[in-house]
Amino acid sequence: MALMSWTLHGDGRSVSPGATVAPRERLSWPRTIGIGAQHVLAMFGATFLVPVLTGFPPSTTLFFSAIGTVLFLLITGNRLPSYLGSSFAFIAPIGAAMASGGMGVAMGGIVMTGVLLAVVGVVVHLAGTRWIEVTMPPVVTGSIVMLIGLNLAGTAKGMFGSSPLTALVSALSVLVITVAFRGILGRLSILLGAVVGGIVAAIRGEYDLSAVTDAAWFGLPELHTPRFDLTVLAVFVPVVLVLVAENIGHVKSVAAMTGDNLDPVTGRALLADGLATTVAGLGGGSGTTTYAENIGVMAATRVYSTAAYWVAAAFAMLLSLSPKFGALIAATPGGVLGGLALVLFGMIAVLGARIWVQGNVDFGNPVTLMPAGIALIVGAANFVWVAGDMTFEGIALGTAAALVTYHLMALVARWRGAAR
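Criteria and thresholds
- Every residue gets a number counted from 1 within its own chain, in the order that chain's sequence is written.
- The predicted origin of the model limits local features to residues at a pLDDT of at least 70 and limits the giving and counting of side-chain atom pairs to 80 or more, whereas totals for whole chains, interfaces and linings rest on all residues.
- Excluding hydrogens and water, the side-chain values take into account all heavy atoms of the structure.
- We place a 1 Å grid over just the protein atoms. Points where a 1.4 Å probe fits but has no way out form a cavity, open points with protein on both sides within 12 Å along at least 5 of 7 lines form a pocket, and any residue with an atom within 4 Å of a point lines it.
- Grid points are joined across faces, edges and corners, and a volume is the space filled by probe spheres set on the points.
- Only DSSP runs of H or I with at least four residues qualify as helices, and only runs of E with at least two residues qualify as strands; both kinds are numbered from the N terminus onward.
- Gly falls in the polar group here, along with every residue not listed as nonpolar (Ala, Val, Leu, Ile, Met, Phe, Trp, Tyr, Cys, Pro) or charged (Asp, Glu, Lys, Arg).
- Each residue's exposure class comes from its accessible area (1.4 Å probe, protein chains only) as a fraction of the maximum for that residue type: buried when under 20%, exposed when over 50%, partly exposed otherwise.
- The criterion used for residue contact is that any of the two residues' heavy atoms lie within 4.5 Å.
- Throughout this description, the term nonpolar core refers to a set of buried Ala, Val, Leu, Ile, Met, Phe, Trp, Tyr and Cys residues connected via side-chain atoms within 4.5 Å.

Asks: Mind showing me how you'd approach empty space enclosed by the protein here?
Replies: The probe, sized like a water molecule, is rolled over the atoms to show the empty space still left. Enumeration over the complete set of coordinates arrives at one cavity of 30 Å³ or more. Space inside the largest cavity adds up to approximately 60 Å³. Along the walls of the largest cavity sit F44, T47, F48, P51, P58, S59, L62, F325, G326 and I329, which together make up its complete lining. Contributing elements (two or more residues each) for the lining of the largest cavity: α1 (29–54), α2 (58–75) and α16 (323–330). Top element by residues in the lining of the largest cavity is α1. It accounts for four residues. The residue inventory of the lining of the largest cavity, partitioned by class, reads seven nonpolar, three polar and no charged.

Asks: I keep staring at the side chain of S86 and nothing clicks. Help me out?
Replies: Within the secondary structure layout, S86 lies in strand β3 (residues 84–86). You can call S86 buried: its relative accessible area is 2%. Residue contacts for S86: discarding those within four places in its chain leaves T47, V50, P51, T61, S286, G287, T289 and Y291.

Asks: Honestly, the environment of P58 in this entry has me stumped. Any pointers?
Replies: For P58, the location among the structural elements is in helix α2. Overall, the relative accessible area of 12% leaves P58 in the buried class. In this structure, the C-alpha to C-alpha distance between P58 and L270, residues 212 residues apart in sequence, is 24 Å.

Asks: Teacher, can you tell me more about the nonpolar core here?
Replies: Within soluble globular proteins, side chains that are nonpolar generally end up buried alongside one another. Core analysis: the largest hydrophobic core is formed by 101 residues, its most contacted members being M43, L80, F88, I148, F236, V244 and F345. Here this core takes twelve residues from helix α12 (residues 233–258), the largest share from any one element. In this structure, I148 is in contact with A89, V242, I348 and I395, ignoring residues within four places of it in sequence. Core analysis: the next-biggest nonpolar cluster, separate from the first, contains six residues, V21, L27, I35 and A308 among them.

Scope: geometric values only; no functional claims are made or implied.
If you want it as structure tokens, here you go:
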């Protein structure tokens, strides 16, 4: 079967009860285009938020997310449907790198992260995922994800405080839309919450649209050049662990929903995301990851066709070629972002707890309880350790604490015969 060909599912117009449209199948092209547009909407709210929060150009990030999605589909042989949007795991490291060395250094950190993830992908493709499961059991990965969310709490507080009323409206809008609507509207709660918050911000005179007025309707995204500084690498390494967990989770989720055995594609998925992140970092885009929002669209429509993701990538590419559109996104008031950040950063923290629950982590066992607790305090309080020219902050130190304390305690417990 050719890479860019799909078998028409049934009559191409509908999906029978209990049936699903497989990755290498598609509905009629008009329906496929419609579903692709839904995927763009589903990823958009979260994808644009990362560059706006970090100071990266939104159009450039959207441009490279489209390229990354195409790379992902090609490298996985069109077997694994996914859109690669901006990863929230990069927000804190990018902020730290921007403060110490500017955008170029932050981009260099993204590139190094992508290269490391690509290497992990090659190793997984050759050796399987068992070594990852041993090195990073659920108690460790859950702790890392949770401490990233907690580490960002101060950032959310600062943005919320810039305009508390607008921020409150944005946050409440997301919550209400999430529970009041089913299907695609409920899954667009971040985007719709931004729209509601934006209307309130506009009424209160909080928008500065001068850059939007000056921007051209059509043009290439602005590109930047990375600058490499090994002193920031430690800040970005924990992101690799998060991206590994997210990609493996995505593969398992799609496999469970489609009934396909996608384990052989896991290494390719990691390699693809690593290359996509590397390419994004080279040009000024934020790092990428697979998106749970798009998993939700697939679950709701029962359409797992990769054809829809090619369409989504094309839509995203077209949007990225409008500087005026990018300037409008970049003009989002701080209050709107504060409300969205309150919800999203909290969700990141709680996703760590979900990893614990799904992994059946036993917190009655000190070997799991203590490492998780130490890691969370180190990350939330943003401990700092300076060693020469290297500065290690909360996320890096918390990640190291989770890994070292867990494996050290587990080793001693096994030696003493006290392992549970």
